[in-house]
Amino acid sequence: MFFKKTVPFIFTLSVGIFSFFYYFMPHAFMQDLWDKASQWAIIIGGGAMFVGVISMVRAYYKRATNKSDPNRYFAMLTIVCFIAMTVIGLITGIKPGSLFNDIFVGIMIPCEATMFSLLAFYIASAAFRSFRLKSFSAGLLLFSAIILMLAQIPTGENISPAIPWLKGWILDYPNVAAQRAILIGIAIGSVATALKIILGIDKSIYAGVGGK
Amino acid sequence: MSNKNKWLDYLLNIDRKVVYVIIFLSVALPFFLNPVVDIQPTKWVSAVYDEMEEAARTNKPIIIGFDYDPSTLAELDPMAKALLRHAFSRNIKVLGLNFIANGTSLAATTMDDVAKEFGKEYGKDYVFFPYLPQYDLVLLNFGDNFRKSYTQEFRGQPLENIPMLSNLQNYDDFHMVIDLSGTKLPTIYIMYGVTRYHFKFVTGCTAVSATEYFPYLQSGQMIGLITGMKGAAEYESLLKTKLNLPTGDGMRGMASQTWGHLVIIIFIVIGNILYYVRRRMNMEIK
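All values derive from a computational prediction rather than experimental measurement.

## Description of the overall build of chain A
- For chain A, the count of helices and strands is seven helices and zero strands.
- Traced from its N-terminal end to its C-terminal end, chain A shows the element sequence α-α-α-α-α-α-α.
- A compact globule built from 212 residues would reach a C-alpha radius of gyration of about 17 Å, whereas chain A, at 26 Å, exceeds it by more than 25%.
- Per-residue burial over chain A gives 10% buried out of 212 residues.
- Residue pairs in contact within chain A that sit at least 24 positions apart in sequence constitute 22% of those at least 6 positions apart.

## Some remarks on the sheet that holds strand E1 (residues 62-67) of chain B
All names here are of chain B.
- Read across the open sheet, the six strands follow the order E3-E2-E1-E4-E5-E6; overall the sheet is parallel. Of all strands in the sheet, those bounded by a partner on one side alone are strand E3 (126-128) and strand E6 (224-227). Between one strand axis and the next, the sheet turns through 15° on average, direction left out of account.
- Judged from the four bridges that link them, strand E4 (residues 177-181) and strand E5 (residues 201-205) form a sheet pairing that is parallel. Across the sheet, the residue bridging to Ile 178 is Val 202, located in E5.
- Running over the sheet, helix H4 (residues 73-89) touches E1, strand E2 (94-97), E4, E5 and E6 and is turned about 155° from E4.
- Each of E1, E2 and E3 touches helix H5 (residues 104-117); the most contacted strand, E3, lies at about 170° to it.

## A closer look at the domain arrangement of chain A
Residue and element names in this part refer to chain A.
- One can read the domain layout of chain A as domain 1 (1-92) and domain 2 (131-212).
- The gap between the C-alpha centroids of domain 1 and domain 2 is 31 Å.
- The interface is formed by seven residues belonging to domain 1 together with eight residues belonging to domain 2.
- Tallied by class, residues from the side of domain 1 that touches domain 2 come to three nonpolar, two polar and two charged.

## Some thoughts on the pairing of E5(B)
Residues and elements named next belong to chain B.
- With five of five residues buried, E5 is to be regarded as a mostly interior element.
- What you see with E5 is no split at all: Phe 201, Thr 203 and Cys 205 on one side and Val 202 and Gly 204 on the other are buried throughout.
- Crossover E4 to E5 through helix H7 (residues 185-197) is right-handed.
- Following the backbone out of E5, through helix H8 (residues 214-219) and into the adjacent parallel E6, one traces a crossover that is right-handed.

## What about the confidence of the model for chain B?
Residue and element names in this part refer to chain B.
- Within chain B, residue pLDDT values average 92, and 98% of them lie at 70 or more.
- The secondary-structure element of chain B with the lowest mean pLDDT is helix H1 (residues 2-12), recorded at 78, while E2 shows the highest, at 98.
- This complex was scored by the predictor with a pTM of 0.89 and an ipTM of 0.84.

## Let's talk about the environment of A:Leu133
- With respect to the helices, strands and loops of the structure, A:Leu133 is situated in the loop between helix H4 (99-130) and helix H5 (136-151).
- With 16 C-beta atoms packed within 10 Å, A:Leu133 lands in the partly exposed category.
- Along the sequence, A:Leu133 and A:Pro174 sit 41 residues apart, while their C-alpha atoms lie 20 Å from each other.
- Residues within four places of A:Leu133 in sequence aside, it is in contact with A:Ala138, A:Gly139, A:Leu142 and B:Asn272.

## Observations regarding the packing of helix H2 (residues 28-64) of chain A against helix H3 (residues 72-92) of chain A
All names here are of chain A.
- Interaxial distance between H2 and H3 falls to 8 Å at its minimum, and their mutual angle equals 140°. What the angle tells us is that H2 and H3 run oblique. Relative to H3, the crossing made by H2 is left-handed. Contact with H2, carried on its side by Val 57, Tyr 60, Tyr 61, Arg 63 and Ala 64, involves Arg 72, Ala 75, Met 76, Thr 78, Ile 79 and Phe 82 of H3 and no other residues of that element.
- Of the residues that constitute the contact of H2 with H3, the class distribution is eight nonpolar, one polar and two charged.

## Considerations on the interface of chain A and chain B
- With 44 residues of chain A at the interface, the matching set in chain B holds 47 residues.
- The element contributing the most residues to the side of chain A that touches chain B is H4(A), with 15 residues.
- Looking at side-chain class alone, the side of chain A that touches chain B contains 27 nonpolar, nine polar and eight charged residues.

## Observations regarding the packing of H3(A) against H4(A)
All names here are of chain A.
- At a minimum axis separation of 8 Å, H3 and H4 run at an interaxial angle of 135°. As judged from the angle between their axes, H3 and H4 are oblique. On the side of H3, the interface is formed by Met 85, Ile 88, Gly 89 and Thr 92, while H4 contributes Leu 99, Phe 100 and Ile 103.
- For the contact of H3 with H4, the residue count by class is five nonpolar, two polar and no charged.

## Section: unusual backbone geometry
Residues and elements named next belong to chain B.
- Not every positive phi belongs to a glycine, and Asn 91 is a case in point at roughly 60°.
- Within the fold, Asn 91 resides in the loop between H4 and E2.
- Judged by the 11 C-beta atoms lying within 10 Å of it, Asn 91 is exposed.
- One non-glycine residue, His 198, adopts positive backbone phi at about 55°.
- Here His 198 is to be found in the loop between H7 and E5.

## Brief notes about the nonpolar core
Residue and element names in this part refer to chain B.
- In this structure, Ile 62, Met 79, Ile 178 and Tyr 235 are the most contacted members of the largest nonpolar core, which totals 95 residues.
- Per-element tally for this core: the top contributor is H4, with ten residues.
- Residue contacts for Ile 62: discarding those within four places in its chain leaves Ala 55, Ala 87, Ile 92, Val 94, Phe 174, His 175, Met 176 and Ile 178.

## A word on the domain arrangement of chain B
- In terms of domain boundaries, chain B breaks down into domain 1 (2-31 + 259-285) and domain 2 (38-246).
- If you average the C-alpha positions of domain 1 of chain B and of domain 2 of chain B, the two centres end up 42 Å apart.

## Regarding H5(A)
- When the terminal C-alpha atoms of H5(A) are compared, their 22 Å separation across 16 residues agrees well with the 22 Å that a helix rising 1.5 Å per residue should span.
- Restricting attention to buried positions, one finds in H5(A) the residues A:Leu148, A:Met149, A:Leu150 and A:Ala151.
- Lining the buried residues of H5(A) we find helix H6 (154-159) and helix H7 (162-198) of chain A together with helix H10 (249-285) of chain B.

Definitions and limits used
Residues numbered from 1 in each chain as written. Chains lettered and ligands numbered in written order. Predicted model: local features only at pLDDT ≥ 70, side-chain atom pairs only at ≥ 80, totals over all residues. Helix = DSSP H or I, 4+ residues; strand = E, 2+ residues; numbered from the N terminus. Rg over C-alpha atoms; globule rule 2.2 N^0.38 Å. Buried ≥ 20, exposed ≤ 12 C-beta atoms within 10 Å, placed from the backbone. Contact = placed C-beta atoms within 7 Å. Pairing = 2+ DSSP bridges. Axes fitted to C-alpha atoms, helices over the stretch in contact; angles between N-to-C directions. Domains from an automatic or database assignment. Nonpolar A, V, L, I, M, F, W, Y, C, P; charged D, E, K, R; others polar. Right-handed = clockwise from strand over helix to strand, strands pointing away. pLDDT = per-residue confidence, 0-100. Parallel < 35°, antiparallel > 145°, perpendicular 65-115°, else oblique. Left-handed = near helix turned anticlockwise from the far one by under 90°. Core = buried A, V, L, I, M, F, W, Y, C linked by C-beta atoms within 7 Å. Expected span 1.5 Å × (residues − 1).

See below:
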């Protein structure tokens with residue numbers, strides 16, 4: 001438990017205190033220390049991605065070898081594509097003009113763009129079936145949605161200059177009021193969570209402790 | 001009465017494939033029509049344009065963060081191209097950054113394509129930095145010296161060999177920073193960059209994420225905002241009227257967006273009328 005709990009706590013506490021003082025004390029010594037620490041952090045960040053990749057391959061390998069799983073062929077396909085892209089990337093490089101980049105541009109971009117563009121169909125279907133004027137709150141939502149959608153196209157300006165003005169008013173006043181409240185809430189919550197982690201009150205982040 | 005009911009039931013439970021076909025036609029067909037050519041820019045888009053002109057006057061380079069991937073390409077790439085066209089047409093040097101691994105080659109290709117239109121040279125007029133993880137630390141380090149995080153540019157050359165970077169060190173040497181993203185990254189720029197180093201900051205975002213940036217506009221932490229396809233079209237309209245530059249994908253996409261939005265509004269209205277009629281009929285029966 002010493003290496004799983006106490007050592008991470010000491011590291012978290014020291015880094016937390018150091019980062020706090022660095023932000024408010026722009027001294028040369030602190031700056032040098034920060035430069036080194038930030039380089040470590042960037043390297044560790046890259047390493048964390050590698051850990052993520054290993055974890056992903058393990059999870060998909062488990063699914064691919066599970067004969068009772070009807071979706072195991074998708075897992076196999078994921079592993080094959082992952083290996084193919086890694087090998088191609090290592091051989092040809094990843095810069096524009098390389099085979100890796102051509103595959104990315106020719107397959108990945110259209111696939112991902114298609115997935116995202118399907119939203120338009122779901123929104124249209126949901127708008128027809130579910131966007132109902134059932135209460136005052138629903139009416140406010142409906143009214144704001146129609147004004148914003150009209151103002152987001154040139155037709156809105158052509159119908160009336162009041163539509164872009166109303167859009168501006170909705171975004172500048174009710175929206176900003178709500179967003180500020182959310183932002184302040186998130187900020188206070190983040191500070192509280194950070195303090196709990198730095199001071200070791202919240203131990204769920206440590207290995208083998210989470211979820212208990 | 002029963003015949004009316006039958007029709008109402010049919011329309012209220014219409015097969016979703018019919019809705020899909022209508023929305024597909026409304027989005028796809030306008031691509032074959034003439035693009036929208038006139039659009040009124042909002043004050044926040046005009047503010048970005050004016051700031052870019054100021055950069056040309058002060059002869060200072062700008063930073064553009066290309067933090068988008070294929071999922072938000074349709075909205076953010078026209079914006080990136082419009083901004084780059086403005087910058088290159090006014091001989092403003094551009095430094096490209098990227099914190100989204102999936103968007104690295106997209107950004108590099110976009111920069112190269114627009115630079116080619118204006119005969120700009122890589123390393124002299126524009127340069128692109130490679131993807132790095134831990135964007136918060138990179139942005140903090142940038143305030144002191146970007147060489148602390150980056151040792152080479154995207155194509156692998158050491159930064160010492162890039163003429164454009166010879167006199168550049170941190171945010172103070174740039175006129176402004178623009179971040180194009182559908183993620184939370186513009187907020188990170190504000191938290192770790194603007195709050196501490198007080199540079200001029202502009203965001204280009206997807207239309208759905210625009211609402212969360214308005215508090216930063218009011219507080220002055222952000223000096224301009226370009227939102228979605230319409231924002232890109234507004235910027236292209238400014239380029240067309242003031243610099244006589246040709247319009248691009250933003251204006252072309254506006255026709256599809258216009259018809260798409262109108263069809264969705266019509267669906268909402270029809271759906272509500274049917275719902276209301278149905279409810280009245282049910283009340284009459286009771």
